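Fold and geometry: a report
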Amino acid sequence: MSENSVQRTNVIGAGEVGVAVTVDMDTNDIHKTNSLFWDTKGAELLGETCLPKYGAFVSEEKCQLFGDVRGKKLLEIGCGGGHSLQYLGDRGASELWGMDISENQIEKTRQYLGERGYPANLICSPMEEKCGLPEDYFDFVYSVYAIGWTTDLEGTFRQIASYLKKDGAFIFSWSHPIHKCVAAEDGSLVFKKCYFDESWYSVSLGDHTLTLSDRKMSTYVNSLSKAGFVIEQMVEESDEDLMISHNGDFAKKARMLPVTFVIKARKI
Ligand SMILES: C[S@@+](CC[C@H](N)C(=O)[O-])C[C@H]1O[C@@H](n2cnc3c(N)ncnc32)[C@H](O)[C@@H]1O
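The present account deals with the structure reproduced in this document. Bear in mind that the values here come from a model prediction, so they are computed numbers and not experimental data.

This next bit is on the packing of aromatic side chains. This model, assessed by the stated rule, comprises 18 aromatic pairs. For the pair F37 and W38, a centre-to-centre distance of 5.3 Å together with 85° between the ring planes defines the contact as edge-to-face. Assigned by exposure class, F37 and W38 land together as buried. Ring geometry for F170 versus F229: centroids 5.4 Å apart, planes at 40°, classification tilted. Taken together, the positions of F170 in strand 9 (residues 164-175) and F229 in strand 14 (residues 229-235) put the pair 59 residues apart, joining distant regions of the chain. For the pair shown, F170 and F229 are each scored as buried. Chaining the aromatic ring pairs together yields one cluster made of F157, F170, F172, Y220, F229 and F261. For R8, the ring lying beneath its charged end belongs to Y201, and the centroid distance is 4.4 Å.

As C-alpha cells, this is what we get:
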C-alpha cells in the first residue's frame, strides 16, 4: 500500500465484502494481479456470469438480445470457462471464437467445448491489445462480466469495433455502477462509495487479490460512442422470476436499484 492509498468499504452482492485500497493505474501490475486471480480463485466464481445469465438477476432468456444466431460468427471477450460459447453453439452459431487473459481459463474453454464437440478458435491475450483476431469478420462480439476488467475502456471498444462487420452487434454486461456504491445494512440501503469515483483499487478475497475500477455509466456510453458504436438497447431491470428464486438481501436490493447492466450496441 502506498502513502497516498485510501481505504473504503468494498461492496459485493447485498453488502460489504472486504476493504478496497486505492492503487496506481499500472496496466502491467493490474494484468499480472488479475490473470493470477483468474488462473486460481476466480475460476471458482463463474456461476452467475455465463449465458444465459448476464450477471445477477438478468438473463438472455428474458432479454433475447441475440435473436437468431444460426450461421453467425461469434467472438467472446473474456471467455472464462467457455460456458457462454457453448450456450451459443447449442443455438447454431457457425463459428465460436474466444479470448481471455488467463491461460488457465483458455485451457478450460478448450477442454469444455472439445468435450461437447465444438471446435473453437481461442486466443490468450489481454483484451486491450491487438492479438491477431480477424477484422471486419464477426456478426456478434459479446462479453459477459469481463469488459469492466479492461485498463483502457475506449481502446478496448475500438479493438472490438475493428473485429465486427459493419452493422455487427456488440453485447456486454457488467456490474451496474450504482450497485457498487450501495450496501444493505440493518434493513436499509446505505451509500458506501461515491458514484463518481473511478479510481483503481485492490480487494483481497482470502489469499487472492484483484484490482479494478468502477466506471460511471456515462463513461461506458461516451466510450462506445467515441469507438464508433450506436447504442440500440440497454437493460437495467432485474428479472422478477430470478429475484423470487433468490429471495435474500441481494434480491431485496435488486428490487430497489439495478445490480447488473447489459448494453447492445451496433457498429456504424
Ligand atoms: C467473469 S469471467 C467471464 C466468464 C465467461 N463469460 C464464461 O462464460 O465463462 C471474466 C473473465 O475475464 C477475463 N479477463 C480479466 N481481465 C482481462 C483482460 N484484461 N483481458 C482479457 N480477459 C480478461 C478473466 O480471465 C475471466 O476469465
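Structure's up, so let's keep going.
Now for the site of the ligand. Not every one of the 25 residues close to the ligand is listed here, only the nearest: T49, E76, S84, D100 and M127. In this structure, T49 approaches the ligand through a main-chain N or O atom, which is 2.9 Å from a nitrogen atom. Protein chains shield 99% of the accessible area of the ligand, which is 610 Å² for the free molecule. Breaking the shell around the ligand down by element, the ones donating at least two residues are helix 1 (27-39) and helix 3 (83-90).

Judged by side-chain polarity, V221, I231 and M234 come together as a nonpolar surface patch covering roughly 190 Å² of accessible area. Positionally, V221 belongs in helix 6 (residues 217-226). Taking relative accessible area as the criterion, V221 reaches 31% and is therefore assigned partly exposed.

The next thing to look at is the nonpolar core. If you look at the biggest cluster of nonpolar residues, it comprises 41 residues, and the most contacted ones within it are I147, F157, F170 and F229. Ranked by residue count, the leading element in this core is helix 5 (residues 153-163), at five residues. What I147 contacts, discounting residues up to four positions off in sequence, is I77, M127, L153, T156, F157, I160, F170, F172, W174 and Y220.

This part takes up the sheet that holds strand 2 (residues 15-22). Spatially, the four strands line up as an open sheet ordered 1-2-12-13, and their pairing is antiparallel. Edge positions in the open sheet fall to strand 1 (7-12) and strand 13 (208-213), since each of these has one partner strand only. Averaged over all pairs of adjacent strands, the angle between strand axes in this sheet comes to 40°, irrespective of strand direction. Bridging between strand 1 and strand 2 involves five bridges; their strand directions are antiparallel. Of the residues in strand 2, the one forming a bridge with V11 is E16. Its contacts with the sheet put helix 1 on strand 12 (200-205) and strand 13, and the angle it makes with strand 13 is roughly 130°.

Pairing within the open sheet is mixed, and its seven strands lie in the order 7-6-5-8-9-15-14. Looking along the sheet, the strands with just one partner apiece sit at the ends: strand 7 (121-124) and strand 14. Going across the sheet, the axis of each strand differs from the next one's by a mean of 15°, ignoring polarity. When strand 14 meets strand 15 (residues 260-267), the two strands line up antiparallel, connected through six bridges. From the neighbouring strand, M234 faces strand 15, where its bridge partner is I263. Here helix 6 sits on the sheet and contacts strand 9, strand 14 and strand 15; the angle it forms with strand 14, its principal contact strand, is near 145°.

The next subject is the state of the cysteines. Summed over the entire model, instances satisfying the criterion amount to zero disulfides. Free cysteine: C63, not disulfide-bonded; nearest cysteine sulfur from C50 at 16 Å. Lacking any disulfide linkage, C79 is separated from the closest cysteine sulfur, that of C124, by 9.0 Å. The exposure class assigned to C79 is buried, which follows from its relative accessible area of 4%.

Quick notes on the rules
- Residues numbered from 1 in each chain as written.
- Predicted model: local features only at pLDDT ≥ 70, side-chain atom pairs only at ≥ 80, totals over all residues.
- Heavy atoms only, no water.
- Phe/Tyr/Trp six-rings, centres within 6.5 Å; stacked < 30°, edge-to-face > 60°.
- Buried < 20%, exposed > 50% of the residue type's maximum accessible area, 1.4 Å probe, protein only.
- Helix = DSSP H or I, 4+ residues; strand = E, 2+ residues; numbered from the N terminus.
- Lys NZ or Arg CZ within 6 Å of the ring centre and 35° of its normal.
- Near = heavy atom within 4 Å.
- Polar contact = N/O pair within 3.5 Å; in protein donor to acceptor, adjacent residues only side chain to side chain.
- Areas by Shrake-Rupley, 256 points an atom, 1.4 Å probe, with all protein chains shown as cover.
- Patch = residues over 30% accessible without salt bridge, like charges linked within 9 Å, V, L, I, M, F, W, Y side chains within 5 Å.
- Salt bridge = Lys/Arg side-chain N within 4 Å of Asp/Glu carboxyl O.
- Core = buried A, V, L, I, M, F, W, Y, C linked by side-chain atoms within 4.5 Å.
- Contact = heavy atoms within 4.5 Å.
- Pairing = 2+ DSSP bridges.
- Axes fitted to C-alpha atoms, helices over the stretch in contact; angles between N-to-C directions.
- Disulfide = S-S within 2.5 Å.

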